[in-house]
Amino acid sequence: MGNKPCTVGIRTDQETYDAGSVVTGTIYVSITTSKPVQATSLNLSFVGEERVVIHHTTSESHTDHQGRTTNRHRDHYERANCIFYKFDYPIASFQGKQGGIIAPGQYEYPFQVTLPQDLPGCTSCVRGQSRCDILYKMTAHFVQPDAGFFSKPPHFTKSFGVLAHTDAQQTNDVAGIKLPPEVTPVKTCCCFGKGTMTLQCEIDKSILSPHDHLEIQFAGKNESTVKVLNVKVELDEIVEWHAHGHSEKLTRAAAERVLAGGHEMPEFQELRRVPRRHHYFGIPDSSDATASLTNNTPSRKTFLVVPGDIRDTYRGNLMEVRHIVTITLVTSGGCCTTSPESCVALQVRRRPTGGQAVAVPANGPIYNDSTTTVTPTAPTEDIQSFSSSTTPVEAPPAYAPATSAASFNNNNNNNNNNTITTITITTKYA
């Protein structure tokens, strides 16, 4: 614990929690100096925040007296953070007990905190020297009103992970999305019309979880002279973040499948010439979409598997995570030729863990729903060994046995003996 006269530590039964679950742990206090510590209360605060960093460069040209020009590049970092969840609650009050004086000794303060169900899960995204994060931390600290401006009261901060809460029944019974057929003019070199292509798609559900199978159906027709090389189906994950007028964006194909084109799908085979009913510049009539797809048009089906490292869909003040399913008819001619596509937005949410270990995205901690029975204990000045199968992290090596506990209740704020401090937060995060 070091040589500090007063040291604070926190131990929790897990490193990662579901939103809406109970965080159980113990605050440890070690006062080794002969001089008592004065404080009004010992508080526990929880904070959830977005943090973003955006790296950008500027170039400057300098010309010396001899006319030689040199270019200099400077790195700039735009940083911003936004706290969307915060609360601070007293775990123990020392007012009325010898004038707020805490005698030397080893102390334990068990607690239970129920997290809100609508908290977003931890996530992280890195691109070069830019990054964005959603993270959580808890801090145990003494409240000392008489402390000076440059003296910080004893405290200890511990990071922990959160997995977003999802109703399992909701993800299983969610309805799919069916888009109407859409006619796209096919052009080369931006202006020469080659006909049209019609595309319609449908997905079996709009809310996904990691490792889910997404069924995708599509139908289409090629009424142009352009060849369809293949049909590409992909699930894109788009992460965007911004700070002080600068922004960063990272797009990745979370899942992808490439199917055969017109050589195996007769409906996508090209025509020899542009149909007369189409305008030369490829501008179709609005009624052509339904007329192009008849009952004889085959419906194709494929599947995508949602990867386990996919992030949760999220929209905050500084960052946003979106997921889009895109079906693209890849045409010959490269970037100079239109490749029709159909897009549909969906959401990704994690299912309740139910006691199974799952990986948190972006190399986060491993969640394990194993709980440890926490015995209520009370402050004492007698130092005895603390028996536990888990070694406290940065906590005093010796603690008092369980006798009683000073407790606060979020409903009535009354002291109750032999109970753990229980805090339930029902308000939504900001």
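Shown above is the structure to which this text applies.
Described below are features of the structure shown in this document. Remember, predicted model here, so these are calculated numbers, not experimental data. (Residues numbered from 1 in each chain as written. Predicted model: local features only at pLDDT ≥ 70, side-chain atom pairs only at ≥ 80, totals over all residues. Heavy atoms only, no water.)

**Observations regarding the environment of Pro307**
Counting through the fold element by element, Pro307 comes out in the loop between strand S19 (300–305) and strand S20 (314–315). Judged by relative accessible area, Pro307 falls into the buried class, the value being 18%. In sequence terms Pro307 and His211 are 96 residues apart; their C-alpha atoms lie 5.5 Å from each other. (Helix = DSSP H or I, 4+ residues; strand = E, 2+ residues; numbered from the N terminus. Buried < 20%, exposed > 50% of the residue type's maximum accessible area, 1.4 Å probe, protein only.)

**Structural notes on the pattern of salt bridges**
Summed over the entire model, instances satisfying the criterion amount to 15 salt bridges. Note that Asp64 is salt-bridged to Arg68, the shortest N-O span being 3.1 Å. Of the residues examined, Asp64 reaches a relative accessible area of 29% and is grouped as partly exposed. Residue Arg252 pairs with Glu237 through a salt bridge whose shortest N-O separation is 2.9 Å. Here Arg252, found in strand S18 (residues 246–260), pairs with Glu237, found in strand S17 (residues 228–243); they are 15 residues apart in sequence, far enough to count as distant. Judged by relative accessible area, which is 26%, Arg252 ranks as partly exposed. (Salt bridge = Lys/Arg side-chain N within 4 Å of Asp/Glu carboxyl O.)

**Things to note about the packing of aromatic side chains**
Scanning the entire structure with this criterion turns up six aromatic pairs. For the ring pair Phe46 and Phe160, a centre distance of 5.5 Å and an interplane angle of 70° mean the geometry is edge-to-face. Here Phe46 is found in strand S5 (residues 41–63), whereas its partner Phe160 is found in strand S11 (residues 155–163), with 114 residues between them in sequence. You can call Phe160 buried: its relative accessible area is 5%. (Phe/Tyr/Trp six-rings, centres within 6.5 Å; stacked < 30°, edge-to-face > 60°.)

**Let's talk about the environment of Cys132**
Relative to the helices and strands, Cys132 is located in strand S10 (residues 130–143). When its relative accessible area of 0% is taken as the criterion, Cys132 is described as buried. Between the C-alpha atom of Cys132 and that of Val53, which follows or precedes it by 79 residues, the distance is 6.3 Å. When sequence neighbours within four positions are dropped, the list of residues in contact with Cys132 reads Arg51, Val52, Thr123, Ser124, Cys125, Val239, Trp241 and Met319. (Contact = heavy atoms within 4.5 Å.)

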